[in-house]
Amino acid sequence: FLCHSKDTMQKRRVGGGGDASLPMTVGDGAAATTTRRRRKKKRHGRSLFLCNTTFASVAIIMVMIFLSAFVMKMILDGHNNSVGGGGGSMTKERQTLGQHINIPGNMNMIGENKGGSNIFTGGKGLFKLPLSKFSTLSYALENADIVALYFAASWCPMSTPITKALDVAFSGKGILLPPLSNDGTNTKIKHEKRHRLAIVYISSDSSEEEMTLYAKQEWNVVPYESSERNEIKRHFSTCAKKEMDDLRINPRKHEIPTLILIDSLTHGVLSTSGVEDIKKNHEKALDEWAMMEQLARSMEEMIMV
């Protein structure tokens, strides 16, 4: 009987033989076959789960290794691959975490900025921070954690919504470093506590009057007649298109409006895509910039070790 049941079921599976029309009789042999199938299916499910779990774990580890290597490369590349250097056109690409200090001999040093000074102390000596040559930026760099360099113009239609967004996001909230003034309302060159953010307006306006009317009350402004206004544009290869020939900026890395975020401790570029951050995240963009700053400094400490 058992043999007959087995032969009958086998013929039904393969679709051959004259017994295909016979009714299926479930006996002990059929029950054993069913049990084996269930066990095999269960083992297959476990194996598939373990395989997927292992693959996911390996993928996560590989992504973490890749990201760590990428960030380390950005830090070690340093200032040579960012501001002031040559290279191709790059209008809105994000450049982050580690465009820091350019040291003679192509050696990138990470250390400590003592007391907000222009001297950076590394494990192998002292050297000047890259933006210390701009006296018009020193007040912001010494009194704010993050300095946002805002390249824009009143005549530029693309600048208008960004200017408004910056004003709505940060003005009147105790976030911004107040500008120095001649009327006595703010004469502190050195504040006791750093502000979270300073916005410095680098104007491409047609006149000083236009610049004064366009800049917001809580912004710091590079003076219109100062030669550093154009020198900063050359340093970052950032300007309006119509200024390129006069400033001899070719290639131009960034058009206007552009918002470049600077780590005040190392003068490193945290991001060149502040405009996109403001459009997307509004006032919460500052939290993203602060996270970039902390990550950059943590990576610097790792390199020092």
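Everything below is about the structure printed above this text.
Here we come to the overall build of the protein chain. Across its full length, the protein chain holds 9 helices and 8 strands. Within the protein chain, the fraction of its 305 residues that count as buried is 41%. Within the protein chain, contacts between residues at least 6 apart in sequence are counted, and of these 61% link residues at least 24 apart. Here the protein chain displays about 17,400 Å² of accessible surface, and carbon together with sulfur accounts for 57% of that area.

A full pass over the atoms with the stated rule returns 4 salt bridges. In this structure, Arg-196 engages Asp-287 in a salt bridge whose closest nitrogen and oxygen atoms are separated by 3.3 Å. Highlighted residues: Arg-196 in strand S5 (residues 195–203) and Asp-287 in helix H9 (residues 285–304), separated in sequence by 91 residues. Assessed through its relative accessible area of 38%, Arg-196 is described here as partly exposed. Within the structure, one salt-bridge network assembled from shared partners comprises Asp-263, Glu-293 and Arg-297.

Here we take up the environment of Ala-240. By the secondary structure assignment, Ala-240 is in the loop between helix H6 (228–236) and helix H7 (244–247). Spatially, the C-alpha atoms of Ala-240 and Arg-252 are 9.2 Å apart, while their sequence positions differ by 12 residues. When residues no more than four places from it in sequence are discounted, the contact partners of Ala-240 are Trp-155, Ser-204, Arg-252 and Ile-256.

Here the focus is the sheet that holds strand S7 (residues 258–263). Strand order in the open sheet made by the 5 strands is S6-S5-S4-S7-S8, with mixed pairing throughout. Each having just a single partner strand, strand S6 (220–221) and strand S8 (268–271) make up the two edges of the open sheet. Bridge count for strand S4 (residues 144–152) against S7 is 6 bridges, and the pairing is antiparallel. In the sheet register, Val-147 faces S7, and the bridge partner there is Ile-262. Strand contacts of H6: S4, S5, S7 and S8, with the helix running at about 105° to S5, the strand carrying the most contacts. Against the sheet, helix H8 (residues 274–281) makes contact with S7 and S8, and its axis sits at roughly 100° relative to S7, the strand it touches most.

This part takes up unusual backbone geometry. Cis rather than trans, the peptide bond between Asn-250 and Pro-251 has omega equal to 10°. Looking at where Pro-251 falls in the secondary structure, it is placed in the loop between H7 and S7. The omega torsion across Ile-256 and Pro-257 is 0°, close enough to zero to call that bond cis. Its place among the elements puts Pro-257 in the loop between H7 and S7.

What the rule picks out here adds up to 6 aromatic pairs. For the pair Tyr-150 and Trp-219, a centre-to-centre distance of 5.5 Å together with 80° between the ring planes defines the contact as edge-to-face. Of this pair, Tyr-150 sits in strand S4 while Trp-219 sits in the loop between helix H5 (208–214) and S6; the two residues are 69 residues apart in sequence, bridging distant segments of the chain. Note on Tyr-150: relative accessible area 0%, which makes it buried.

Now for H6. Every buried residue of H6 is listed here: Glu-228, Arg-229, Ile-232, Lys-233, His-235 and Phe-236. Each buried residue of H6 sits inside an arc of 160° when the element is viewed along its axis, so together they form one side. Against helix H3 (135–143), S4, S5, H7, S7 and S8 lie the buried residues of H6. Trailing H6 by a residue or two, Ser-237 shows a phi angle of about 50°, which is positive.

Right, let's get into the side chain of Arg-252. With respect to the secondary-structure elements, Arg-252 resides in the loop between H7 and S7. Engagement of the side chain of Arg-252 in a polar contact is seen with the backbone oxygen of Cys-239, the distance being 3.1 Å.

Conventions we followed
Residues numbered from 1 in each chain as written. Predicted model: local features only at pLDDT ≥ 70, side-chain atom pairs only at ≥ 80, totals over all residues. Heavy atoms only, no water. Helix = DSSP H or I, 4+ residues; strand = E, 2+ residues; numbered from the N terminus. Buried < 20%, exposed > 50% of the residue type's maximum accessible area, 1.4 Å probe, protein only. Contact = heavy atoms within 4.5 Å. Areas by Shrake-Rupley, 256 points an atom, 1.4 Å probe, with all protein chains shown as cover. Salt bridge = Lys/Arg side-chain N within 4 Å of Asp/Glu carboxyl O. Pairing = 2+ DSSP bridges. Axes fitted to C-alpha atoms, helices over the stretch in contact; angles between N-to-C directions. Phe/Tyr/Trp six-rings, centres within 6.5 Å; stacked < 30°, edge-to-face > 60°. Arc of directions from axis to C-beta. Polar contact = N/O pair within 3.5 Å; in protein donor to acceptor, adjacent residues only side chain to side chain.

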